[in-house]
Amino acid sequence: MAGQFPGQFGPVTPAPAKGPFGVGTRVLLCLVAVLTGGVLGFVPAVVLAARRRRRADVLGAVAVGALSVLLFVCAVIAGGDKHATVANGMGETLMGVLMFAAPVHFLLMDRRRVWGGPSSVPLPGYWQPVPAPMYQQPVYQQPQSRPVPAPVYQQPQPQPQPQSQPAAAPPGPALDELQQLGELLRRQAEGGGR
């Protein structure tokens, strides 16, 4: 019967997880490599490659897996022969590398910067294009036909001061001139003209 299942048929591949592992998972994966003496040092790299599915992670998991296989080969060769000092020394070195370098590789590749993709943070020494800021042309408008009112400034109200004595009026002719000037300014303000 056609149409009974919504969506596409066949196996559905889940989307890769977004973001780095949590702190508990990081500690557990690092302890796997350290506590097993490097024997399971490939586990953090394989888990990271399976989760992120990037070429660099898969190549890292293959490299760490090859070191683990080489560790087992050295253990088999040096296990039965007491005089196989080269295989013994190489096995010890690989054990130390897998025990310490595998968790460090995992922690470096599980950082937030690395999860962000190729455009998250530029690597030093590599050229990264810088996006130019968007420039918008200024919009010019026709001047308005009506005049813009002038701003009105309010003067602070003088606070009443105690009057000790009335202010003395200026001498004769100066008082008359001030009064005439005041009347002239009032007429001009009212629109009365000259």
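Everything below is about the structure printed above this text.
This write-up is about the structure you can find in this document. (Residues numbered from 1 in each chain as written. Predicted model: local features only at pLDDT ≥ 70, side-chain atom pairs only at ≥ 80, totals over all residues. Heavy atoms only, no water.)

Brief notes about the pattern of salt bridges
Logical step 1: Using the criterion set out here, one finds two salt bridges in the structure.
Logical step 2: Between Asp110 and Arg26 there is a salt bridge; the shortest N-O distance is 3.0 Å. Of this pair, Asp110 sits in the loop between α4 (85–109) and α5 (112–115) while Arg26 sits in helix α1 (residues 23–35), and the two are 84 residues apart along the sequence.
Logical step 3: Relative accessible area serves as the criterion here: at 25%, Arg26 is assigned to the partly exposed category.
Logical step 4: Among the ionic pairs, Asp57 bridges to Arg52, the shortest N-O distance being 2.7 Å. This pair shows no difference in class: Asp57 is buried, exactly as Arg52 is. (Salt bridge = Lys/Arg side-chain N within 4 Å of Asp/Glu carboxyl O. Helix = DSSP H or I, 4+ residues; strand = E, 2+ residues; numbered from the N terminus. Buried < 20%, exposed > 50% of the residue type's maximum accessible area, 1.4 Å probe, protein only.)

Concerning helix α3 (residues 55–80)
Logical step 1: In a regular helix each residue adds 1.5 Å, so 26 residues correspond to 38 Å; α3 covers 39 Å between its end C-alpha atoms and thus fits that length.
Logical step 2: The set of residues buried in α3 consists of Asp57, Gly60, Ala61, Val64, Ser68, Leu71, Cys74 and Ala78.
Logical step 3: Buried residues belonging to α3 abut α2 (42–52) and α4. (Expected span 1.5 Å × (residues − 1). Contact = heavy atoms within 4.5 Å.)

What about a nonpolar patch on the surface?
Logical step 1: There is a patch of nonpolar side chains on the surface, built from Leu67, Val69, Leu70, Val73, Ile77, Met90 and Val97 and spanning about 520 Å² of accessible area.
Logical step 2: Listed by contribution, the elements that provide at least two residues to the nonpolar patch are α3 and α4.
Logical step 3: Looking at the nonpolar patch element by element, the count peaks at five residues for α3.
Logical step 4: Secondary-structure assignment places Ile77 in helix α3. (Patch = residues over 30% accessible without salt bridge, like charges linked within 9 Å, V, L, I, M, F, W, Y side chains within 5 Å. Areas by Shrake-Rupley, 256 points an atom, 1.4 Å probe, with all protein chains shown as cover.)

A look at unusual backbone geometry
Logical step 1: Although it is not a glycine, Arg53 adopts a positive phi angle of roughly 60°.
Logical step 2: Checked against the element boundaries, Arg53 lands in the loop between α2 and α3.

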